[in-house]
Amino acid sequence: MDVASTLLVPALSIRGLTKTYRYGHFFSRRSRQALHDLNLELPAGEVFGYLGPNGSGKTTTLKILMGLVCPDQGEARILGLPSTEFGWRRKVGFLPENPYLYDYLTLAEYLDYVGLLFGLSSALRRERAQHLLRELDLVRSAHLPLRRFSKGMTQRAGLAQALMNDPEMVFLDEPMSGLDPLGRRRVRDLILGLKAKGKTVFFSTHILGDAESLCDRVGILRSGQLLAVGRLDEILRMDIPRYEVLVSGLETTQLDALPCGIDNRRDIGERARLQVREGGLGALVTAVERVGGRVLSVQPVSESLEDYFLRQLTAAGEEDPEWAE
Amino acid sequence: MGGMRRIAAVAANTFRETVRERVLYNLVLFAILMTLSGLLLNPLSLRQDEKIVKDIGLASMELFGTMIAVFIGVGLVSKEIERRSLHLLLAKPLSRDEFLLGKFAGLGLTLSANVAAMTAGLYATLWMIGRHSGPGLLAAVYGILLGLMLAVSIALLFSTLTSSALAAVCTVCVVIGGRFADVIRNMREVAPGAPGWLTTGLYYALPNFHTFDLKDRVVHGDPVGFHQLGWITLYGACYMGVVLLAALASFRRRDFQ
Amino acid sequence: MWRKVLFLALVAAVPILLRKVDQNLGEFRAQEEALYLTSGQQVRRFFPGFEGLMADVYWIRSIQYFGGRRVFAAGKRFDLLEPLINITTELDPKFEIAYRYGAVFLSEPFPMGSGRPEAGVALLERGVRELPRSWYLQQNLGFFIYFFLKDPPRAAKALLEARKQPGSPIWLENMAATFLGEGGERAIARQIWRQMHDTLEDGIFKKNALNNIQRLDALDAVDDLNRVVQALTSRTGRHPRSLEELRAAGLLRATPVDPAGVPLHYDPALGVVEISRDSPLWRQPLPTARRYESF
């Protein structure tokens, strides 16, 4: 394949993917539609966020892609090859949610095992393992049995096994789940690092904040159906612009007395952060200065993804408690 | 080729896993203790001490080997499915067939190592009571090992079909049924009403573990010819082939939720 | 596709190979000589609640032991047979087949069986005690006592006991009387036949009883005559050439005739009088211990 067509082949291509889970026994067979006619395409080099509440079908999608589950209909192609074939697996890394790594092995042994499965030579295995251990700050834990790893260490170890073969594309299912802020930051940096190297990253999450800061594009999944796919700023362009005003030197009573139009207010010590829509900005600034306060900064705030989706969901008449900050 | 190397990798890892399961050590230790206890029984019985030591040694090898084969065999796949470590592996360029065969080979290695240890213990015990036994015992050991491999393959099949608890029960039932294969065939002596086609059919369908039982012949010094070993091996290999193919097919069709 | 073919081929091969193995190693592979659990009590202790099943298992072991020893064992000793059968019947005292066939295995003369008829008879006696309603067992007991222990009165007693059970066939009395008759206990035999004759209605059984009474009378006559022949023989130093000689010697009044009216037969070579073959009272001699199939 020449360079031009390589660029044109999408890293991931999903068409018409449908899956219904059947469960129960003889007399009470029930079914739950996990995915319905999913269509998605990802160009190479993109970081894609696959968003949706728990149970929306994110994990099912990944399982179908990895060949763990068979779809009822539809097909997928990864790096140009059908998902049912093996060829692409050499160039792809996968990290499932809450990974269980063999607790009777040490990390070094586990990475070596994974390397063997990829068919890497022993020299290459050693080199890759050392590189990944350094990058993920696991050097000191290399010879600890995996059962002694904390949640954060396990997650990093999982990332290590996903990257062992230096893949072109990485699939991550809830990579930040259960991590403390430091862990989240580490994973975030890792993903950004991959992006810088031109890798494609597909990760699913229900934590919107993570998607916001990392993704080029997102896809929103709900009850097995893809609601929207697009660049973040495309989706958010529909939002009403708002501003965040940082003020100081005002008493609580004075803050309470400010004119309406303030959507949100957060008191931080002797300062306060106020959110106001575009139209009320001028009035607010004037009011603050009139009572002797100081306006420290004014920043435009685009409506967060969170608000947008809550709006979508309430518009559809549903409350969704699964969203997280 | 790549496939064989991957199977070998899975097998080696499985071997490591079973060796590090401490349960194994207890069983092997127990088996060796049982053989030693044969020495204690000696003054209590009127029979030859050599015979008793051999009987107990071989019988405990078979009993504990079977327990290992069944309970670890059943866990091999079930555990990986239940803990979802399988998901990680199958995303690699490792086919489901290679995975299963690797597991089978790994446990086979483990069993061989255990049986070797127990055989060494048996020979040591015999040496301690002043009897030197030739390589004839090895025919019975070989038979035992064949039987254990067959039990493992059956355990593997059931573990691909259902949860580990149910798989263990089913495997134990089939193994016990197979041990009583001769009794089933002769059932007509005790229950003349039993339909012939049923008892015969059951006899051929169940794995005849009695076939691999060469303990008595060996202990009595009756020679076991190579061609007889050959037929037993063929039967065992054939049955194992059937079971493994079924296990591969069942495993390939499964959805891992 | 090739997997399915391979699978089917292997499935077909399995029973074929098993047959081959059975042929090669012998269907009744040599059973172990050691019996670690030596009594029914011990087996009971190990398998509480499964006595019936264990009785079956031990019975099958007994059969396999017996069959295997007969065909395959070099020594052909049946040392374990009695303990195995005893354990079987201890575990399940109502196991009728075990008593029946076990007695056969034990009583058959070596090398066909264990050659221990006392053990076989003892087994049957136990069986009769446990299953008092089984006339069949008691009949077997009678037969075994007669054929193997050669004790007709005891055998007849067993048969008459069997006759007391409801549902027992009438010919048990016949057999008892026959045993007694052939065994020389003619007085009792005659009693039984007489009683049968008197109580039976007209028919073949009544005729049969009469026939037997006449036979016994004939046998008595034969015995008397033989004594006379003996006396003459010792006097003359040789066997009489015919019964005429006896008449000539004044020892006989007329040609001896059996109750059916047929003259008695005399064999000059042996010097023995017996019932003529032409007489309806003549019988084939009863078989002695010989392998019999239908039990």
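This text follows the structure it describes.
Only a predicted model underlies this, so the values are computations on that prediction, with no experimental measurement involved.

Q: Help me out: how do you make sense of the interface of chain A and chain B in this one?
A: As a measure of interface size, the accessible area lost when the parts come together is often cited. Contacts between chain A and chain B engage 28 residues on the former and 24 residues on the latter. Summing both partners gives a buried area of about 2,800 Å² for chain A against chain B, and 58% of it is carried by carbon and sulfur. By the criterion of area lost to chain B, the three top residues of chain A are Leu68, Tyr104 and Leu117 of chain A, representing 26% of everything that side buries. Applying the counting rule to chain A against chain B returns three salt bridges. Counting every contact that joins chain A to chain B gives 14 residue pairs in polar contact (both at pLDDT 80 or more). Here the element with the most residues in the side of chain A that touches chain B is helix α3 (residues 107-118) of chain A; it accounts for seven residues. Residues belonging to the side of chain A that touches chain B are distributed by class as follows: 20 nonpolar, two polar and six charged.

Q: Could you clarify how one ought to interpret helix α10 (residues 281-290) of chain A in this entry?
A: For the α-helix, the turn length of 3.6 residues means that residues three or four positions removed from each other point alike. Residues and elements named next belong to chain A. Burial in α10 covers these residues: Leu281, Leu284, Ala287 and Val288. The buried residues of α10 occupy an angular sector of 130° when the element is viewed end-on, so they sit on one face. Projecting away from the buried face of α10 at angles above 90 degrees are the exposed residues Glu289 and Arg290. Buried residues along α10 sit in contact with β11 (242-248), β12 (262-268), β13 (271-277) and β14 (294-301). In the stretch just after α10, Gly292 is the one whose phi turns positive, near 95°.

Q: What exactly am I supposed to notice about the sheet that holds strand β1 (residues 12-23) of chain A here?
A: Strands belonging to one sheet form pairs held by backbone hydrogen bonds; the direction of such a pair is parallel or antiparallel. Residue and element names in this part refer to chain A. Taking strand neighbours across the sheet as the criterion, the four strands line up as β2-β1-β4-β5 in an open arrangement whose pairing is antiparallel. Single-partner strands in this sheet number two, and they are β2 (30-42) and β5 (81-82). Pairing geometry for β1 and strand β4 (residues 73-78), over five bridges, is antiparallel. Along β4, the bridge assignment pairs Ile14 with Ala76. Its contacts with the sheet place helix α2 (residues 58-66) against β1, β2 and β4, and it is angled at close to 110° to β1.

Q: Before we go on, may I ask you to explain the pairing of β2 of chain A in this structure?
A: Residues in a regular strand project their side chains so that they alternate between the two faces of the sheet. All names here are of chain A. Pairing of β1 with β2 involves nine bridges; the strand directions are antiparallel. Its bridge partner lying in β2, Ile14 is registered against Leu40. Hairpin connection from β1 to β2: six residues lie between these consecutive antiparallel strands, with Gly24 at a positive phi of about 90°.

Criteria and cut-off values
- Residues numbered from 1 in each chain as written.
- Chains lettered and ligands numbered in written order.
- Predicted model: local features only at pLDDT ≥ 70, side-chain atom pairs only at ≥ 80, totals over all residues.
- Heavy atoms only, no water.
- Contact = heavy atoms within 4.5 Å.
- Buried area = accessible area lost by both parts, 1.4 Å probe.
- Salt bridge = Lys/Arg side-chain N within 4 Å of Asp/Glu carboxyl O.
- Polar contact = N/O pair within 3.5 Å; in protein donor to acceptor, adjacent residues only side chain to side chain.
- Helix = DSSP H or I, 4+ residues; strand = E, 2+ residues; numbered from the N terminus.
- Nonpolar A, V, L, I, M, F, W, Y, C, P; charged D, E, K, R; others polar.
- Buried < 20%, exposed > 50% of the residue type's maximum accessible area, 1.4 Å probe, protein only.
- Arc of directions from axis to C-beta.
- Pairing = 2+ DSSP bridges.
- Axes fitted to C-alpha atoms, helices over the stretch in contact; angles between N-to-C directions.

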